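# Descriptive analysis of the structure
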Amino acid sequence: MAEHEYRPGFVTWSGLFTVWLTAAVLSFASLRDLAASCRVSTELAPLLPVVIDVGAAVATRAWLSRRANPDAERFARWLTWTLLALTVALNAAHQGMVANGVTPPWQVAVVVGAIPPVVVGSTVHLAVLLGRAPVRVTSEEKRGVTVPAAPIRQQPTVAPTTPRVKPVSLPL
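The notes below deal with the structure included here. (Residues numbered from 1 in each chain as written. Predicted model: local features only at pLDDT ≥ 70, side-chain atom pairs only at ≥ 80, totals over all residues. Heavy atoms only, no water.)

### A closer look at the overall build of the chain
Helix and strand content of the chain: 5 helices and 0 strands. Counting from the amino terminus, helix and strand elements in the chain follow one another as α-α-α-α-α. Per-residue burial over the chain gives 22% buried out of 172 residues. When contacts within the chain are restricted to residue pairs at least 6 apart in sequence, those whose partners lie at least 24 apart make up 65%. (Helix = DSSP H or I, 4+ residues; strand = E, 2+ residues; numbered from the N terminus. Buried < 20%, exposed > 50% of the residue type's maximum accessible area, 1.4 Å probe, protein only. Contact = heavy atoms within 4.5 Å.)

Here it is, written out as structure tokens:
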């Protein structure tokens, strides 16, 4: 009897896409409206959800790809959960303020304004980590065995000598 590898079918992929798309649209609208209510211009307000949600998607891909070095995977995992928590918190805060007719206080505007530069720095950091080659770990290091380094041979020290220069006479 042959084993069959499970592959999601059309219905599963269609369902995943539909759930993702509708959730992304709702989150996008909430974060865009939050940015606008914090007086971010109407042209730039749609960029806030892009920064947060696309940042989370890219970090998730880097984390789960199994092609990155351990430092990059660790940072990508942290960035994924941080951006997901941020989008949940901001969506909830926005809905709560709208439901109660509250204008976002200045502290919320400060948070909204701080997100883009923090994500820029985090994205650059992740890119640098992803560009590093994986660190090779020896089997001794995995077991916790310390391997002594080879002794360093010291070269004998020789006092520098000044070369003797012979006078040269040039014909005139």
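From this point, the narrative continues.
### Focus on the side chain of Asn91
Structurally, Asn91 is set in helix α3 (residues 70-99). According to the relative accessible area criterion, Asn91 is buried, its value standing at 15%. The contact partners of Asn91, leaving out residues within four places of it in the chain, are Leu26, Ser27, Ser30 and Leu31.

### A few points about the packing of helix α2 (residues 47-64) against α3
Where α2 contacts α3, the axes come no closer than 8 Å and their chain directions differ by 150 degrees. The pairing of α2 with α3 is recorded here as roughly antiparallel in orientation. In this structure, α2 meets α3 at a crossing whose hand is left-handed. Taken together, the residues of α3 that come into contact with α2 (itself represented by Ile52, Asp53, Gly55, Ala56, Ala59, Thr60, Ala62 and Trp63) are Glu73, Ala76, Arg77, Leu79, Thr80, Trp81, Leu83, Leu84, Leu86, Thr87 and Leu90. Here the residues of the contact of α2 with α3 sort into 12 nonpolar, 4 polar and 3 charged. (Axes fitted to C-alpha atoms, helices over the stretch in contact; angles between N-to-C directions. Parallel < 35°, antiparallel > 145°, perpendicular 65-115°, else oblique. Left-handed = near helix turned anticlockwise from the far one by under 90°. Nonpolar A, V, L, I, M, F, W, Y, C, P; charged D, E, K, R; others polar.)

### Some remarks on helix α1 (residues 10-37)
Compared with an ideal rise of 1.5 Å per residue, which puts 28 residues at 40 Å, α1 spans 40 Å between its outermost C-alpha atoms and is within 8% of the ideal. Looking only at α1, the buried set comprises Ser27, Ser30, Leu31, Leu34 and Ala35. Among the structural elements, α2, α3 and α4 (106-131) are those in contact with the buried residues of α1. One or two steps after α1, the chain reaches Arg39, where phi turns positive at roughly 70 degrees. (Expected span 1.5 Å × (residues − 1).)

### Here we look at the pattern of salt bridges
In a structure, side chains of opposite charge can pair up when their charged atoms sit close to one another. Per the stated rule, a full pass over the model turns up 3 salt bridges. When the shortest N-O distance is used, the salt bridge between Arg32 and Asp33 registers 3.1 Å. The class of Arg32 is partly exposed, set by a relative accessible area of 30%. Among the salt bridges present, the one from Arg74 reaches Asp71, with a minimum N-O distance of 2.5 Å. With Arg74 and Asp71 both in helix α3, this residue pair falls 3 residues apart, about one helical turn. (Salt bridge = Lys/Arg side-chain N within 4 Å of Asp/Glu carboxyl O.)

### Concerning α2
In this model, α2 (18 residues) spans 25 Å end to end at C-alpha, consistent with the 26 Å of a helix rising 1.5 Å per residue. If you check which residues of α2 are buried, you get Leu48, Pro49, Ile52, Gly55, Ala56, Ala59, Ala62 and Trp63. Next to the buried residues of α2 lie α1, α3 and α4.

### With respect to the packing of aromatic side chains
Taken as a whole, this structure holds 3 aromatic pairs when the rule is applied. An angle of 65 degrees between the planes, with centres 6.0 Å apart, marks the rings of Trp63 and Trp81 as edge-to-face. Here Trp81 lies in helix α3 and Trp63 lies in helix α2, a separation of 18 residues in the sequence. The class for Trp81 is exposed, based on a relative accessible area of 52%. (Phe/Tyr/Trp six-rings, centres within 6.5 Å; stacked < 30°, edge-to-face > 60°.)

### Some words on the environment of Gly55
Inspection of the secondary structure assignment puts Gly55 in helix α2. Note: C-alpha distance between Gly55 and Val120 (65 residues apart in sequence) is 9.3 Å. Apart from the residues within four sequence positions on either side, Gly55 is in contact with Val50 and Leu83.

### Quick look at the nonpolar core
Ranked by internal contacts, the top residues of the largest apolar core, which has 25 residues, are Leu34 and Leu126. Considering every element that reaches this core, the biggest residue donor is α3, with 7 residues. (Core = buried A, V, L, I, M, F, W, Y, C linked by side-chain atoms within 4.5 Å.)

Everything listed here is a matter of coordinates, which is why it stays silent on function.
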